[in-house]
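Spelled out from the first residue to the last, the chains are:
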Amino acid sequence: GEIEYSLSTLCSRCLSGVIFHNVVEFDEEYSETENSEDIYKFKKGLVDLTEMVNEKLMLSMPYTVYCKEDCKGLCPECGANLNLTKCEHIK
């Protein structure tokens, strides 16, 4: 299956708002009797996907998110967003 999600966060370089979109594929096993860390358990014929979905989402989230690949970030002197303005501190 696939889990598709969007995350509203801040750019790691310039702190502008950005929507991160991702699709995570999964192929997991569920068993009522087998006990293994690779197999999720279910009870009384009901499968609870919460644990698996939480694991997949947490493992798929990137450490850094950028508003665009060539984001220039912030000026270390005055904090100006270098994507929007030229700064006298950056030569």
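Residues numbered from 1 in each chain as written. Predicted model: local features only at pLDDT ≥ 70, side-chain atom pairs only at ≥ 80, totals over all residues. Heavy atoms only, no water.

Asks: Now, about the state of the cysteines: what can you tell me, with residues and values included?
Replies: What the rule picks out here adds up to zero disulfides. Of all cysteine sulfurs, the one in C87 lies closest to C75, which takes part in no disulfide; the gap is 3.4 Å. C87 gets classed as buried once you look at its relative accessible area, which sits at 11%. (Disulfide = S-S within 2.5 Å. Buried < 20%, exposed > 50% of the residue type's maximum accessible area, 1.4 Å probe, protein only.)

Asks: Tell me about the environment of P62, residues and numbers included.
Replies: Note that P62 resides in the segment after α1 (50-60). Expressed as a C-alpha distance, the spacing of P62 and N22, which sit 40 residues apart in the sequence, is 9.9 Å. (Helix = DSSP H or I, 4+ residues; strand = E, 2+ residues; numbered from the N terminus.)

Asks: Explain the nonpolar core to me, and be specific about the residues and the numbers.
Replies: The biggest cluster of nonpolar side chains holds seven residues, and these are I3, Y5, V18, F20, V24, L57 and V65. Those elements that place two or more of their residues in this core are β1 (2-10) and β2 (17-25). The leading source of residues in this core is β2, at three residues. Once residues within four sequence positions are removed from consideration, L57 is found in contact with I3 and Y5. (Core = buried A, V, L, I, M, F, W, Y, C linked by side-chain atoms within 4.5 Å. Contact = heavy atoms within 4.5 Å.)

Asks: Describe in detail the pairing of β2, supporting the description with residues and values.
Replies: Along β2, the buried face is formed by V18, F20, N22 and V24; none of G17, I19, H21, V23 and E25, which line the opposite face, is buried. With nine bridges joining them, β1 and β2 adopt antiparallel strand pairing. By the bridge assignment for β2, L10 is matched with G17. Linking β1 back to β2 in an antiparallel pair, the connection comprises six residues, with L15 at a positive phi of about 65 degrees. (Pairing = 2+ DSSP bridges.)

Asks: Account for the packing of aromatic side chains, with residues named and values stated.
Replies: What describes a pair of aromatic rings is the distance from one ring centre to the other and the angle between the planes of the rings. Counting across every chain of the model gives one aromatic pair. Against the face of Y66 rests R13, its NZ or CZ located 3.9 Å from the ring centre. (Phe/Tyr/Trp six-rings, centres within 6.5 Å; stacked < 30°, edge-to-face > 60°. Lys NZ or Arg CZ within 6 Å of the ring centre and 35° of its normal.)

Asks: So what's going on with unusual backbone geometry? Which residues, and what values?
Replies: Here the phi dihedral of L15 falls at roughly 65 degrees; this positive angle occurs in a residue that is not glycine. Locating L15 in the fold gives a position in the loop between β1 and β2.

Asks: Residues and numbers for the pattern of salt bridges, please.
Replies: Within this structure, the stated rule accounts for one salt bridge. Note that E28 and K56 form a salt bridge whose closest N and O atoms lie 2.8 Å from each other. Highlighted residues: E28 in the loop between β2 and β3 (29-31) and K56 in helix α1, separated in sequence by 28 residues. By relative accessible area, which is 24% here, E28 ends up partly exposed. Under the relative-accessibility criterion, K56 is labelled partly exposed at 21%. (Salt bridge = Lys/Arg side-chain N within 4 Å of Asp/Glu carboxyl O.)

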